[in-house]
Amino acid sequence: MAEAVHTGRRRMSFAALSQALRKALWRTPFMVATAGSVLAVAVIWVLFPAIAPHDADLIDGSRSLIGPDSGHWLGTDQLGRDVFSRVIDGARTGLLGPLILAAATTAASTVIALVAGYLGGRVDAMTGRIIEVLYSVPPTIVAIVVVGVTGGGWWTAIVVLLVFGLPANVRLARAAVIVRARLPYVEAARTSGLSGVRIIGCHLLPAITPFVVAVFFLTFTYGIVDLSALSFLGLGVPPGAADWGRMIAENRSNLFQNAWATVAPAIALVLIAVSTNIIGDWIYSRYESHGRSR
Amino acid sequence: MLLVVSFALFSLIYLAPGGADQALAGPYASAEQREAIRQLYRLDDQLLTQYLHYLRSLLVLDFGDSFLTREPVMVSLARAAGVTVPLMLTAWSVAMAGGAALGVMSALRRGGRVDRFVSTTVVIGASTPLFATAIILTWLLGIEAGWFPTMGSGDGGLDTARHLVLPALAMIVVLLAAATRVTRSAVLEVLDEEHVTFARSRGVSPGRVLWDDVLRNAAVPLVTQAGGMLIALAGGLVVVESVFGLDGIGTLLTSAIAARDVPMIQAVALTIAAAIVAINFIVDLAVFGLDPRVRKGAWGRG
Amino acid sequence: ACTGGAGQSADLTVIKMLTPTLSSVLDPRQSSGPASGALLIALEPLLRYKGGELTPLLASAMEVPEPTSYVFTIRTGVTFWDGKPFTAEDAAFSIGLHVGDDSGSVNASLFSLVTAVEVTAKDRVTITLSEPDPQFAAGVAQIGMVSKAFYGEHGDKVGTADVLNLGTGPYKFKSFRPARELVYEPAAGYWGQGDAHFTSLTLSVVTDEAARLNALQSGEYDGMFGVPLPQVDSVAALKSLRLSSSPDLSVYKFNLNVATKPWDDIHLRRAFQLAVNREAIIKGALRGKAVLAPTIVPETTMAELAGEDATAAAFAALGDGIRFDLDTARAELAKSSVPGGLQTEVLVTGSDPTLALVVQTAAQDLSKIGIDLKVREVDDQTYYASVYFGRKTGGVSIDLFSGSTPDASNLPTYIISGGNALTGGGSGTNISDYVNTRVDALLGESRLLGVDDPARGAKLLEALETAQTDVPYVPIAFPEVYMAARQGLDVSTLDTFWWLTMWPETLAGA
Amino acid sequence: MSPMSMTIGSAQPALAVEGLTVHGPRGGRTVPIVDDIALRIAPGEAVAVVGESGSGKSVTARAVIGLLPPGLRGDGSVRVGGTSLADLSAQQLRDLRGSRMAMVMQDPFTTLNPLHRVRDIICATLRDAGGRRLSRANRRQEAVRRLAEVGIVDPAVADAYPFELSGGMRQRVGIAAAIAEEPLLLIADEPTTALDVTTQAEILALLNRLRTSRQMALLLITHDLRVAASVCDRVYVMYAGQVLEELSASRLLREARHPYTAKLTTADPPLDRRVETLPSIGGSVPSTGSRPIGCRFEPRCSWSTSACATHAIELTEFEPGHRVRCTRAGERLDLAHAEDLVAAPPVRPASGEAIIRVIKASRRYGHKLAVNAVDLEVFAGESVGIVGESGSGKTSIARMMIGLEPVTSGSVEVAGVDLAASKITRADWRRVRSTVQMAFQDPSSTLNPARSVGGTVREVLRASDVADPRARAEELLEMVGLDAAYARRRPRQLSGGERQRVAIARALARDPRVLLCDEVVSALDLSVQAHVLNLLNSLRRSLGISLVFITHDLAVVRQIADRVYVMKSGHVIEHGATEDVLTNPQHPYTRSLIDSVPGFVV
Ligand SMILES: Nc1ncnc2c1ncn2[C@@H]1O[C@H](COP(=O)(O)OP(=O)(O)OP(=O)(O)O)[C@@H](O)[C@H]1O
Ligand SMILES: Nc1ncnc2c1ncn2[C@@H]1O[C@H](COP(=O)(O)OP(=O)(O)OP(=O)(O)O)[C@@H](O)[C@H]1O
Ligand SMILES: [Mg+2]
Ligand SMILES: [Mg+2]
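Since the model is a prediction, treat every value here as computed from it, not as a measurement. (Residues numbered from 1 in each chain as written. Chains lettered and ligands numbered in written order. Predicted model: local features only at pLDDT ≥ 70, side-chain atom pairs only at ≥ 80, totals over all residues. Heavy atoms only, no water.)

Draft legend 1. Broad picture of the overall build of chain A. Scanning chain A from terminus to terminus reveals ten helices and zero strands. N-terminal to C-terminal, the α/β element order of chain A is α-α-α-α-α-α-α-α-α-α. With 294 residues in all, chain A has 52% of them scored as buried. A sequence separation of at least 24 residues applies to 69% of the contacts in chain A between residues at least 6 apart. Total accessible area on chain A stands at roughly 12800 Å², and carbon and sulfur atoms take up 70% of it. (Helix = DSSP H or I, 4+ residues; strand = E, 2+ residues; numbered from the N terminus. Buried < 20%, exposed > 50% of the residue type's maximum accessible area, 1.4 Å probe, protein only. Contact = heavy atoms within 4.5 Å. Areas by Shrake-Rupley, 256 points an atom, 1.4 Å probe, with all protein chains shown as cover.)

Okay, here's the thing in C-alpha cells:
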C-alpha cells in the first residue's frame, strides 16, 4: 500500500513536473528564451574552453593585429593571439567573477536578511543601522579607491563589491523576509514549536526563493558590469588574462588595425549582461506579480 | 559617517605601498631625499598622530594643500567640480526627465508595443557597461559623425558644453534606463490603486487623473530613488572621465591616489561623502514636501 | 586649432600639442625628462641643447678650469618677463634649488656631486663638484632659471596654477591645469633675437590612449611628442598626421637581482637570459618599433663617443653572448640551484602597458624551460616602491630605463655602477644591486677623462662587457621614439631629447 | 453636447442593464466572468446585489460605470437615466460619471488620494458658473457644506489629509466626493465591509438618508444578506457570474425560491439564538472558466435533477417582481429557512482550574497601549469569545497568550508558565506549545504554499515526536472533515474553507488544550463559514478542548462562545455568559454594538 502510494506520487510529480516545464517553456517570452540561449552558450564556453580553435594565450608576434581570416575568425590582437579564442576564454573570468560575486552576495544577503528578519528586535535594528550607513556608498568608487591604493586586483575588487553591494541586497531581502515572517503560516510554525533553523530553512527561505534567484541574476548583471569596468580601468584581472573588459581596454587604440579585437569582447560582454538582466527581471516580475495577486 | 570614511581612507593610504615621497622625489631619488620629504610631510608619524593632526586642521576648515600641486586642495576640487557637477547634474536631470516620460508612457500602455519596446531597450541600456556605451558614443557621434569633441573639457562656456555632450550622453543612456524602470513600476503600482479608479469614476478628466492621482503619487518613490541614482552615477564618473579625458572629480581622485596625495584623496572622498549625505538630505526634504504623510508624521514626532 | 587664412604652414600660429607628461607644479624642482620640455621654453636654462651640442643661452660662456669646477658667465641684458634683469644671484639660486638631499628636487641626482654654488663675481657663478662628472653640463641644460625674488615673494606657491612662474623665455605661461594642460603666450619684449613664432601654444596630456587617438583624429590637436609604441601604427593611419622616428636613449631590460635568492646564481641568470626571445618581443610587444639591445646603451650613442668601429665590434661580441637558445638555457638551468625551474611574479605598471606585453611574450618562452613568470599590474607608486626603492620583488623585475642626459655614460652610471645599488646605499637605479669593483673602477676612471675623449668610450665599453658576463640585466630592446604632427609642423628633427631643445622653433621649421 | 441637456422623465429607470457580459483572461484563454446580467433600478430605489466572493459583483459594478480593469471587456447595454452609454463619446461618458452616476468603493483606506486634502478631493470635479475650478476659499466652503451633509460637522476636516481620518470618516468623505455633483445613481461596492459594525450602521443609514433626500438610486453591493434585507428595496442574488434570483428585500430571508439563496440564508448564523448546527453548502464556487454548462449551482445543489446539469437555465418570473433561475422554482421544495433551525442546548458553566490566566496584562506599541490591563481566563472545555471593534486589541491579546507578542506588563500564565517572565526555559515553551495553538484569519496565507497539506501537518507532528506522523496526519485531516487524499494537495488546490480546516488540523497536531481562533471565519463566504463553525463546535464536543474565538461578528460569537469578553480600545469593558451579554448588555458600548447589527432587535 505504502509502496503504491509512493510510486503513484512519484509518477504524478514527474508528470506534474514535465507539464509545468512544458507550460513554462511555452509561456516563456521570446526575449527570455534568447537570453537563456546566450547564457547557455556562455556556460558551454566556460565548461569546455577546448572548443576554442586556438590556444588563447599563444603569443605570435609575427601575426600581430591581422584582420579576420579563415585561420583567425576574428583576427588577432597585438601579440598575435587569436581573438575568437580569447573571447571564449574570457567567458571564464567574465562569468566566474560575477558568479562568485552574485553567489556570495546572494547567499550572504539572504542569510543576513533571514536571520535579522526572523529574529527581529535588536539584531534587526543593528543590521538595519549598518546597512543604512553602507547603503549610500557607491561600491564602484570604493573599489576604485581600495584597489587603486592597495593594488589588490581581482579578488580585492570582488570583496569590495561584495561588501558594499551587500547592503542594497540585504535591504531588499530583509523587506521581503519581514513581510513573510509575519505571515500566518510562519507564525503558525513558530507557535507549533518548530525550531528557528527549520522555520528559516523550510518556510521563510522557500517563500523568498524566487526573489533570491532574481536577486542572484541581477547581482550577476551588476557584477559583470562593475567588474568589467574595473578591468577596463586596469584594476581587475592581471594583464594578459583573457578578460573582456581588459581586452577592450587593451585593444581600443588598435581599432583601425583589427576592430574585432575590441568589438567582439564588447559584444560578448553586453550580450551576457543583457541576458542575465532579462532573466533576472523576468523572474522578478513574475515573483512580484505573484506577490501582488496573493 | 564622514569621520568613518575619512579614517578608513587614512588607514588605507597609510598601509598602502609607496608614498607621496616617491611621487614627489621621482624614480631616481635616493633614500635620503625621500626621507627628507617624509620629514617635511610628517609621513613617518604614527597613523593616529597623523590622523589627529589632520582632524585638527579640518576643524578650522583647512583641508590643506595638495602634496602634488601645492595648491590648496579646495582650489583643485573647485576646478574639478566645475567639470563634474554640471556633467552629473545635466546627465542626471535629463535622464530623470526622460526616464520619467518614457516610464509613464510605457506604463500607460502596459503590455503594448511601446511598452515592450521601451522595456527591452531599457534592459539593454541598463546592462551595457558605461565604458562600452561611452566608447560606442565616441565612435559613432564623435568620430564617424564628427558632431562632438570626444575629449577634454573645453575652454569654458559653450565650448565646455559641447565637450560635455558625449560624456553626459553616455551617463544618460545608463541612467535613463534605471529611471525609466523605476518610473514604470511606480506608475503601474499607482495605476492599480483604488483612488485612481475612484477619481475616474467621478469623471475627473484624464489629464488631471494622470497628474494629480498618478504622477504625484508615483513621484514619491521616483524621488526617493533619484537620489540613489545620482549617487550610483558617481561610481561611473571615473570611467567616463577617463574615457573622455575630463578633468573632473573622478580624475582628480585617481590621480591623487596614484600620487598618494593624502590631503587630496581625503578632500575628494570627503566631498563625495558629503555630497551623498547632502543628496540624501535633499531627497528626504523633497519627499517631505511631496508626501503629507511623511510631513505630518515628522511633525507629530518633533 | 588652425587660425585659418591661406592654409599655408606659415599660418599655423595657434597650436596644441600632446605630450606624454606634464608636471603638477611649474617648478624645475618638480619636473625632469620630457616633463621639463614644458618648462625649458619659458624658464630658459644656462645652456641650451641644440643639434647634439650644448650651446650658451643664459650663460654667455662656460669654463671648466678643472674637472670639478664649472664657471658660468651670466649673459647681460637678459630680463625676466616682468622686466627685471636676470642676475648671477638668480642663476645660483636656480641651481641651488636642486642641490642637497632635502632640496625636494626630482633633479637632485644630477647635482648630487655639487658641493658649492657661489656667485664669484657680478656676472659669474662657480660650481664646485666633489668629483669629476662628464655629464654635469648636460645636467645644467636640464634646469630652467627662475627668479630668486619671485620665489621669495611666493614661497611654496610658486608653480601653482594661480601663481605660475617667472622666466626669461620667448614663451610665457598663460594658464595651467596641473599635470593636464599648459598654455603659453609670446612674452613681450623677449631679450633674445626673434620673437615667439606661435601666438598661442598649448601642451596637453591625455592619459587615456584611445581618447588621445580620438583627439588626434578629430584634429583637436596638431601633433604629439613621444607617441607610445602600441599606438604608432594607429597614429600612422591618420591621414592628417606625419610621423617621424628616432632612436631613443632608453632600454627595456629585465633586472635579475644578484642579491636575491635564487637569482644570486649565475646559471639561473644565464638560463633566463638565453630563454628570452627578444626578437619575438620586438616583433609583437614592441610592434617592430625597437632595436635589439645587446647591452644597455644604444649603439649610436656609444659610437659617438667610442668610435664606430670599436663600438660595432664590441656590440657584435655582446650580442653573440645573449642569443636566444633554449637548449643552452635548459643546460644552464640544470646547473643552477633550481634545476626544476621556478615561479615568480613580475610587477608592471599600468602607466606603461608595453611592459606587460613584453613580460607576457618573454614568459611564453621562459615557461618552456620551467621559469614561470606571472604578471601583476600595480600602480606607479607600488611599482616604484617595489622595483626601484625597495627590493620587494622575487628578484626579477622589468623596466624601461631612460637616460636623463644624452651622454653615453648616463645609462651605465645609473644601471651598473655599484654606487647606485641599494645595497651600497645608492638611489637604487642599479636595480639588480650589481656591484663589481672592476666595473666601478672603469666607470670611475672614465669620469676623469675629457667629455669627448674616445678613451672614455673605451672604458665604458669595457665596463659594459665586464658587467655583461655576470648577467645582472637582460637587455631587450631600445625603443624608438616617435613624434607626430600635422602638415606644416616639422617634427622630423625632434629626437628623444627634444625637450632639452627650443622645440617650438623646430616645429615652426625655423 | 452635454448629457445635462437631455431630459429625463421620471418614468425612466435610473439604471437599466440588459445582457451585460464581461470577458476576461484566465489561464491564457478568454472566458466570461459575468454572463447576461440584467439590472433595473428606479430613481430613488435601493437595490442590493448579493453573492459570495468571486460571483462577479464588482466586475458588474465596474462595467456599469464603464471602468473595467485593463484586460476585461464588456458587452451589452447599459442605460443610465435613459442614456445609453454605448452611444456616448469618451468625453460624454466622462461627463456622465460623477454627474449622473458615481461610485463608492470598498476600502476607504485606499480610495482617497493620500496626497490631497479632503477639500480638494471633494471639489475635484466641481466647476463655477464660468466652468473654472473653484478657488481655494470656495473649495473649502463647499467642502465644509458637503461634509456636513454626510455627517461631518467639524470644518477642520476639510483641510485634513485622508490619512489623518478614521475609516468611517474617510468613507464619508468618499461618499461626499462621489455625490458632489448630485448623481442620479450611486453604486456602492461593499462600502462597509472594511468598517466596524457601529460605523457600518452609520454609513448605511447615511446612504439611506441621501437616497431619500435626493431621490438618488442606490446600487448596493454586499455579501451581507442582513444588510441587503434591511437597507434595500430589492435584491439581486448573484452566483458564478449570473443572477440567480431577483426578489424584493422583504422576501429575501424568508421566501427565497432558489435553493442557493435559501441555503445561504440558513447558513447565515442567527444573532438571536444559538442553533445546534448551521446548515452549510457542500462544495465550492466554480471558478471562472470551469463553470458548469447547465445550472451553475447544480454541483452543490441537493434538489438538482439530471436536466439541471445539461441545460442552461433561464431567469423566469416566479411571481411579479420575483424572478428565479431554477427549473424547480415552482415546486414546493423543503427549503429550510432560518426559523426552522434546531436550537442548541443551554450552556453549562465551566469549572475547575483555568488553563490560561491573563492578569492585568498590557501591551504597548510605541506610544499606543494596544492592550490595557486585561484580565481574562480560559477554563477547560469552554469556549470563550472576544468581540470588539477593529483595533480594540483582540489580536494582540491572543498573540500574547501564545507568546508571539511580548507582554509589556502584567502576566499571562499558560499552564502555569508565565509568558511575561524574562526567561522561559525550553521545557516551559514545550508545555506552552502543547497547551495552546492558534489558527489565523487569512486563509490564503495560513498555509505554506510550497508544502503539501500532509507535509504541513506532519512537520508539526515530527516536532512533537509523534510516533507515526503519516498515519496521525491522515487521522487529523479526517478529524477536520478532509479526505486522507487531501494530504497530497498543495494549498493552492484548496478552497478558503478547506485551507482553514487544514490550519485547524495543524493546530490540533500538538494536541492542545486550548485553540485560539483569530477571526478564522471572517474572510470566508457564508456557506463555508458555517462549515468551519460547525467543525469547531464538534471538535470542542469530541475532544473537549477549549476555544478562544476572536471575532467582530456578534452572530458568530453567539453560535460558538459560552462566555464572551467585549473589548474596546484595549480594555475589557464587559464580560459574562454570551447569552447574558447579548440579551442584556450592561455597558452602553456593548449595547450600541448590538444595535448596529442590521435587522436585529433585542
Ligand atoms: N482584472 C481581472 N482580470 C481577470 N479576471 C478578473 C479580473 N477582475 C476580476 N476577475 C475575476 O472575475 C471574477 C469576479 O470578480 P469580482 O471581483 O467581480 O467578484 P466579487 O463578486 O466582487 O467578489 P468579492 O466579494 O470578493 O469582492 C473573479 O473570479 C475574478 O477572478
Ligand atoms: N506590530 C504593531 N505595531 C504597532 N502597532 C500595532 C501593532 N500591532 C497592532 N498594533 C496596534 O494595536 C492596536 C490593537 O491591534 P489589534 O490587532 O490587537 O486589534 P484587533 O482588535 O485585532 O483589530 P482588528 O479587528 O482590526 O483585527 C491597533 O491600534 C493597532 O494599530
Ligand atoms: Mg468585489
Ligand atoms: Mg485582529
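We are not done yet, so read on.
Draft legend 2. Inspection of the interface of chain C and chain B at higher detail. Each partner contributes to the interface: chain C provides 42 residues, whereas chain B provides 41 residues. Summed over both partners, the interface of chain C with chain B comes to about 3500 Å²; 50% of that surface belongs to carbon and sulfur atoms. Looking only at chain C, the three residues that lose the most surface to chain B are D101(C), Q381(C) and F389(C), adding up to 19% of its buried area. The partner of D247(B) in a salt bridge is R177(C), and the shortest N-O contact between them spans 2.1 Å. At the surface where chain C touches chain B, the tally comes to ten residue pairs in polar contact (both at pLDDT 80 or more). When contributions to the side of chain C that touches chain B are tallied by element, the ones reaching two or more residues are β8 (171–177), α5 (209–217), α13 (380–389) and β17 (396–402) of chain C. Its residues assigned to classes, the side of chain C that touches chain B shows 16 nonpolar, 14 polar and twelve charged. (Buried area = accessible area lost by both parts, 1.4 Å probe. Salt bridge = Lys/Arg side-chain N within 4 Å of Asp/Glu carboxyl O. Polar contact = N/O pair within 3.5 Å; in protein donor to acceptor, adjacent residues only side chain to side chain. Nonpolar A, V, L, I, M, F, W, Y, C, P; charged D, E, K, R; others polar.)

Draft legend 3. Focus on the site of ligand 2. All names here are of chain D. In the region of ligand 2, the neighbouring residues are Y365, K368, A370, E389, S390, G391, S392, G393, K394, T395, S396 and E519. For ligand 2, a nitrogen atom lies 3.4 Å from a polar atom in the side chain of Y365. One of the side-chain nitrogen or oxygen atoms of K394 is found 2.9 Å away from an oxygen atom of ligand 2. Computed on the free molecule, ligand 2 has an accessible area of 630 Å², of which 64% lies beneath the protein chains in the complex. Elements with a contribution of two residues or more to the shell around ligand 2: β14 (368–379) and α11 (394–401). When residues of the shell around ligand 2 are assigned to their parent elements, the largest contribution, three residues, is made by α11. (Near = heavy atom within 4 Å.)

Draft legend 4. The site of ligand 1, seen in detail. Residue and element names in this part refer to chain D. Near ligand 1 lie 14 residues; those nearest to it are S53, G54, K57, S58 and V59. Contact distances for ligand 1 include 2.8 Å between an oxygen atom and a backbone N or O atom of V59. The greatest single-element share of the shell around ligand 1, amounting to three residues, is contributed by helix α1 (residues 57–65). Along the lines of polarity and charge, the residues of the shell around ligand 1 split into five nonpolar, six polar and three charged.

Draft legend 5. Just the sheet that holds strand β9 (residues 234–239) of chain D, in detail. Residues and elements named next belong to chain D. Across the sheet, eight strands lie side by side as β6-β7-β8-β3-β9-β10-β12-β11; this open sheet has mixed pairing. Looking at the sheet topology across the chains shown, the edges are occupied by β6 (101–104) and β11 (316–319). When strand polarity is set aside, the average angle formed by the axes of neighbouring strands in this sheet is 25°. Pairing of strand β3 (residues 46–50) with β9 involves four bridges; the strand directions are parallel. Following the sheet pairing, V49 is matched in β9 by Y236. Running at roughly 170° to β6, helix α5 (residues 167–178) makes contact with β6 and β7 (185–189) of the sheet. (Pairing = 2+ DSSP bridges. Axes fitted to C-alpha atoms, helices over the stretch in contact; angles between N-to-C directions.)

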